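Structure assessment
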Amino acid sequence: MQLLFESLFNGVAIGSVLLMAALGLAIVFGLMGVINLAHGELIMLGAYTTFVVQLIFKLPALAPLYNLYVLVAIPVAFIVSGVVGVLLERTVIRRLYGSPLETLLATWGVSLILQQFVRSVPMASAAGLILALVLGFGLPLFLPDRWLDGPRSRLVRAGSWGIAALCGVVLANGLAAQISRLAKADARNVDVTAPQWMRGGIDLVGMTFPVPRLVIIAVTVVAVLGVTWFLNRSVWGMRIRAVTQNRSMSDCLGIPTDTVDVLTFGIGSGLAGVAGVAVSLLGSVGPNVGGSYIVGCFMVVVLGGVGNLFGTVLASFAIGWLTDLIGAGRLLTLWPDMPAPLSEAVTFFATTSMAQVMIFALIVAFLQFRPAGMFPQKGRMVEA
């Protein structure tokens, strides 16, 4: 019984990481019908943002607050990935709605660009550029409307971008010195060190629960509840669902559909950044880290039912539990009298990579009988 509980906990832990990575895609792909192959790179940006925040908290002025850097990294990663996602929507995706093949190819190209950007551009310069973009787009939101509508609106916007560029240069210069002191300046694979309160484990009912896994599970629960509340209770959430069900009618009723598109893509991309925080706490961060999750994210969304959050949650935990049950060889321990042919097959797949192959094959077989997933739901793609 203890072995079963341990397998269930590991499955929930694996499923939480997968769910966190797939939650943003469930919004972008599920609600908007956009096949975003750059979603993995948005996760990568969130992971690198966590590393940058960690470096900033190692400065002498912030060193006493170092153990809190993860709590700061979560909203910062959400903002960074969200801003990049909004830029992607406004420059590329907006012109390709209703063209899934072109969207797929365009976002694949964007993913390659982002990977090469991380490989080629120094980390300090990249952080300064992203900060400048975030401030440049964000500062006008906090200014009075009369400043932005009057005759001096251009001057105000130019001044906000000037302040944003100055802050970006200051961050780039300060971060370059910090990286040269604490890390290799040319390193592209970096490690994020968990704060003191996230190390070790908690012993309970004869089992040890790793604290990082518990934190990731807690963050995932908060994210799912937050997204559910936003889509079902908030004004903009109801507008998103209205545009999803009938875009032309929503436009006729005065709902700003372009703003809904930007908001939806920004939230989905921001959730990918939060997933990057979780991914950074589990291993090394590199330019290809997002590629390890993109296939699993699409599998989760399709298996659960496009646009259905409950199905996404259920599919994530099911895949996570099967990954631990098969990949760790626990199935043989739980079923010692397994028939010989089946035992040989399970032994062959008793590694993490081979277990994923088997699970994806099972998902493909399941989709032959239920092509719309476990809980199908209409969206823009169905409407089109």
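Residues numbered from 1 in each chain as written. Predicted model: local features only at pLDDT ≥ 70, side-chain atom pairs only at ≥ 80, totals over all residues. Heavy atoms only, no water.

Along the backbone of the chain there are 17 helices and two strands. In terms of overall dimensions, the chain is globule-like: its C-alpha atoms have a radius of gyration of 22 Å, near the 21 Å expected for 384 residues. The principal-axis extent of the C-alpha atoms belonging to the chain is close to 80 × 55 × 35 Å. When contacts within the chain are restricted to residue pairs at least 6 apart in sequence, long-range pairs at least 24 apart make up 76% of them. Carbon together with sulfur atoms contributes 69% to the accessible area of the chain, which is approximately 18,800 Å² in total. With 22 positive and 16 negative side-chain charges, the chain shows a separation of 10 Å between the mean positions of the two kinds. (Helix = DSSP H or I, 4+ residues; strand = E, 2+ residues; numbered from the N terminus. Rg over C-alpha atoms; globule rule 2.2 N^0.38 Å. Contact = heavy atoms within 4.5 Å. Areas by Shrake-Rupley, 256 points an atom, 1.4 Å probe, with all protein chains shown as cover. Lys, Arg positive; Asp, Glu negative; His and termini not counted. Charge placed at Lys NZ, Arg CZ, Asp CG, Glu CD.)

Turning our eyes to something else, we now look at helix α5 (residues 123–138). Taking 1.5 Å as the rise per residue, α5 with 16 residues should run 22 Å; its terminal C-alpha atoms sit 22 Å apart, in good agreement. Buried within α5 we find M123, A124, A126, A127, G128, I130, A132, V134, G136 and G138. (Expected span 1.5 Å × (residues − 1). Buried < 20%, exposed > 50% of the residue type's maximum accessible area, 1.4 Å probe, protein only.)

A word on the side chain of E41. Along the chain, E41 turns up in helix α2 (residues 39–57). The contact partners of E41, leaving out residues within four places of it in the chain, are S111, L114, Q115 and G291.

So, on to the side chain of N36. Here N36 shows up in the loop between α1 (2–32) and α2. There is a polar contact of 3.1 Å between the side chain of N36 and the backbone nitrogen of A38. In this structure, N36 is in contact with L25, V28, L42, L88, T107, F265, I294 and F298, ignoring residues within four places of it in sequence. (Polar contact = N/O pair within 3.5 Å; in protein donor to acceptor, adjacent residues only side chain to side chain.)

With that settled, the discussion passes to the environment of R90. Within the secondary structure, R90 sits in helix α3 (residues 69–91). It is 9.7 Å that separates the C-alpha atoms of R90 and F265, two residues lying 175 residues apart in sequence. Ignoring any residue separated from it by four or fewer positions in sequence, one finds R90 in contact with R95 and V262.

The first and last C-alpha atoms of helix α4 (residues 100–120) sit 30 Å apart over 21 residues, in line with the 30 Å expected at 1.5 Å per residue. Among the residues of α4, those classed as buried are T103, T107, V110, S111, L114, Q115 and V118. Taken end-on, α4 shows its buried residues confined to a sector of 135°, consistent with a single buried face. What points out from α4, more than 90 degrees from its buried face, is the exposed set L101 and I113. Next to the buried residues of α4 lie α2 and α3. (Arc of directions from axis to C-beta.)

Right, let's get into the pattern of salt bridges. All told, the structure shown has one salt bridge when counted by the stated rule. Residues R94 and E89 are paired through a salt bridge, measuring 3.6 Å at the closest nitrogen-oxygen approach. The class of R94 is partly exposed, set by a relative accessible area of 31%. (Salt bridge = Lys/Arg side-chain N within 4 Å of Asp/Glu carboxyl O.)

Bringing the packing of helix α9 (residues 235–245) against helix α11 (residues 257–280) into the picture now. One way to put it is that α9 packs onto α11 with a least axis distance of 10 Å and a crossing angle of 105°. The angle between the axes of α9 and α11 places the two elements in the roughly perpendicular class. Seen from α9, the contacting residues are W236, R239, I240 and V243; seen from α11, they are T257, T259, V260, L263 and T264. Per-class residue counts for the contact of α9 with α11 are five nonpolar, three polar and one charged. (Axes fitted to C-alpha atoms, helices over the stretch in contact; angles between N-to-C directions. Parallel < 35°, antiparallel > 145°, perpendicular 65-115°, else oblique. Nonpolar A, V, L, I, M, F, W, Y, C, P; charged D, E, K, R; others polar.)

Among the nonpolar cores identified, the biggest contains 87 residues, and Y69 and Y293 are the most heavily contacted of them. Here the element with the most residues in this core is α1; it accounts for 14 residues. If near-sequence neighbours (up to four positions away) are discounted, Y69 is found in contact with T50, V53, Q54, F57, V192, T193, A194, P195 and L281. Counting residues in each nonpolar core, the second largest holds five residues, with F9, A13, F209 and I217 among its members. (Core = buried A, V, L, I, M, F, W, Y, C linked by side-chain atoms within 4.5 Å.)

Our focus in this paragraph is a nonpolar patch on the surface. On the surface, a nonpolar cluster with roughly 370 Å² of combined accessible area is contributed by L65, L68, L71 and W197. For L71, the position within the fold is in helix α3. (Patch = residues over 30% accessible without salt bridge, like charges linked within 9 Å, V, L, I, M, F, W, Y side chains within 5 Å.)

It should be kept in mind that the predicted coordinates are not to be read in detail where pLDDT is low. Across the chain, the average pLDDT comes to 82, with 93% of residues at 70 or higher. Note on residues 379–384: pLDDT is under 50 here. Beyond four places in sequence and across chains, it has 18 contacts. (pLDDT = per-residue confidence, 0-100.)

For the rest of this paragraph, the subject is the packing of aromatic side chains. Applying the stated rule across the entire model yields three aromatic pairs. With a centroid separation of 5.2 Å and an interplanar angle of 35°, the aromatic rings of Y66 and Y69 are classed as tilted. A single burial state applies to Y66 and to Y69, both of which are buried. Seen from their ring centres, F137 and W161 are 5.2 Å apart, and the 80° between their planes marks the pair as edge-to-face. Linking F137 in helix α5 with W161 in helix α7 (residues 153–182), this pair joins segments that are 24 residues apart in sequence. A residue is classified by how much of its surface remains accessible, and W161, at 35% relative accessible area, is partly exposed. Sitting over the face of the ring of W236, R239 holds its NZ or CZ atom 4.4 Å from the ring centroid. (Phe/Tyr/Trp six-rings, centres within 6.5 Å; stacked < 30°, edge-to-face > 60°. Lys NZ or Arg CZ within 6 Å of the ring centre and 35° of its normal.)

Its place among the elements puts P341 in helix α15 (residues 340–348). For P341, a relative accessible area of 62% gives the class exposed.

A regular strand places its side chains so that they alternate between the two faces of the sheet. Burial of the side chains of strand β2 (residues 207–210) is restricted to one face: M207 and F209 are buried, whereas none of T208 and P210 on the reverse face is. Note: strand β1 (residues 201–204) against β2, four bridges, orientation antiparallel. Each bridged residue has a counterpart across the sheet, and for L204 the counterpart in β2 is M207. (Pairing = 2+ DSSP bridges.)

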